Amino acid sequence: MTLNADELKLLGMIARSPEPVAASSFFHTIHPPNFERSAAEDDPRRVVWQEKQFGLYRAMIDLHDAELIRIVHPANGERPDLMEATQAGRAALA
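Residues numbered from 1 in each chain as written. Predicted model: local features only at pLDDT ≥ 70, side-chain atom pairs only at ≥ 80, totals over all residues. Heavy atoms only, no water.

Colleague: Is there a simple way to explain the environment of D81 in this structure?
Modeller: Positionally, D81 belongs in the loop between strand 1 (69-73) and strand 2 (82-85). A relative accessible area of 25% means that D81 is categorised as partly exposed. Residues D81 and I71, spaced 10 residues apart in sequence, show a C-alpha to C-alpha distance of 6.3 Å. Leaving out residues up to four positions away in the same chain, D81 has contacts with V21, A22, I71, H73, P74 and A75. A polar side-chain atom of D81 sits 2.6 Å from the main-chain amide nitrogen of A75. (Helix = DSSP H or I, 4+ residues; strand = E, 2+ residues; numbered from the N terminus. Buried < 20%, exposed > 50% of the residue type's maximum accessible area, 1.4 Å probe, protein only. Contact = heavy atoms within 4.5 Å. Polar contact = N/O pair within 3.5 Å; in protein donor to acceptor, adjacent residues only side chain to side chain.)

What follows is the structure, given as structure tokens:
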């Protein structure tokens, strides 16, 4: 499987985590917001950023479907799924 840049970044961050982690906790690190909090919902910068955030959710699903990450602790209503890289995921980074 060929990974795109977002998939590689996300997989790398999950793999480096010493314990299972919510993949979404890295989304703002990978694509930080570049607009003021007060920016209108239709501000072009906010719209582009939102699309990038949705792309990261897609990357997370694709990594899971490819068995490069796995859910260790399912979401429980108080926190999201906690994930870790699989052996195949770590090998994909090598």
